[in-house]
Amino acid sequence: AQSVTQLDSQVPVFEEAPVELRCNYSSSVSVYLFWYVQYPNQGLQLLLKYLSGSTLVKGINGFEAEFNKSQTSFHLRKPSVHISDTAEYFCAVGDFSSGSARQLTFGSGTQLTVLP
Amino acid sequence: GAGVSQSPSNKVTEKGKDVELRCDPISGHTALYWYRQSLGQGLEFLIYFQGNSAPDKSGLPSDRFSAERTGGSVSTLTIQRTQQEDSAVYLCASSLGQGFRYTFGSGTRLTVV
């Protein structure tokens, strides 16, 4: 079974500074990788996804992530954050190797707090 | 509707009572998922419905948990004899067919006192 590790539970950062949220997953032959964002009292919204192709994936709101197969990582980055980016961010992995694509495995989340 | 609708948004119940949580998926979405989000933890898969196939119940934590999906649309998650450890946010998601393009609802925050 897949596992996903988000190394930082809390990341405080000042406005307009760069940020990186780390995500590592257990190795598998075929994985799909996702980042979701959850604003207070809301459901999860998809930020970006890696299915195949270019390892640098661009998402909404200026976020991007890089798939690194050798390090089994999928870190999320943004060069300059805004107050409105304050939210919880979840990394998730979907495993197609078993032929069952029915569920995602989520990390425990990283709370990003952007300070003025 | 335009999105996945869950009700109620908040539920406080006494230990030992039964609760029902409702999910109304996006019209036409054949796949429906229930996840549980406990404080400080990620999302825990509970159950998955796909069309008329038998549901994947492999994530249900105990036999106090059950779910059904009527007419391939609305789903109800039932927790019997609630315990304090059941307190969590229960999230529903739907997708068009089998795959990972999920749309999540806003969740039901369940508090067992």
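Before reading on, note that the structure itself is shown above.
The paragraphs below set out a description of the structure included in this document. (Residues numbered from 1 in each chain as written. Chains lettered and ligands numbered in written order. Predicted model: local features only at pLDDT ≥ 70, side-chain atom pairs only at ≥ 80, totals over all residues. Heavy atoms only, no water.)

## Some details on the nonpolar core
When a protein is soluble and globular, its nonpolar side chains tend to lie buried together. Counting residues in hydrophobic clusters, the biggest one holds 28 residues, and the most contacted among them are Leu33, Trp35, Leu47, Leu48, Phe74, Leu76 and Tyr89 of chain A. Those elements that provide at least two residues to this core are strand E2 (10-14), strand E3 (19-21), strand E5 (31-38), strand E6 (44-50), strand E8 (64-68), strand E9 (73-78), strand E10 (87-95) and strand E12 (110-115) of chain A. Excluding its chain neighbours within four sequence positions, the residues that come into contact with Leu33 of chain A are Tyr25, Leu48, Lys49, Tyr50, Phe67, Phe74, Ala92 and Val93 of chain A. Membership of the second largest hydrophobic core comes to 20 residues, among which are Val4, Val19, Phe65 and Leu77 of chain B. (Core = buried A, V, L, I, M, F, W, Y, C linked by side-chain atoms within 4.5 Å. Buried < 20%, exposed > 50% of the residue type's maximum accessible area, 1.4 Å probe, protein only. Helix = DSSP H or I, 4+ residues; strand = E, 2+ residues; numbered from the N terminus. Contact = heavy atoms within 4.5 Å.)

## Some points on unusual backbone geometry
For residues that are not glycine, phi is negative in most cases, and the peptide bond is trans in most cases. In this structure, Pro8 of chain B follows Ser7 of chain B across a cis peptide bond, with omega equal to -10°. Within the fold, Pro8 of chain B resides in the loop between strand E1 (5-7) and strand E2 (10-13). With a phi angle near 75°, Glu16 of chain A is a residue other than glycine that sits in the positive phi range. Topologically, Glu16 of chain A is positioned in the loop between E2 and E3. Its relative accessible area of 60% is what places Glu16 of chain A among the exposed residues. A positive phi angle is found at Thr72 of chain A, which is not glycine, with a value near 45°. Among the structural elements, Thr72 of chain A can be located in the loop between E8 and E9.

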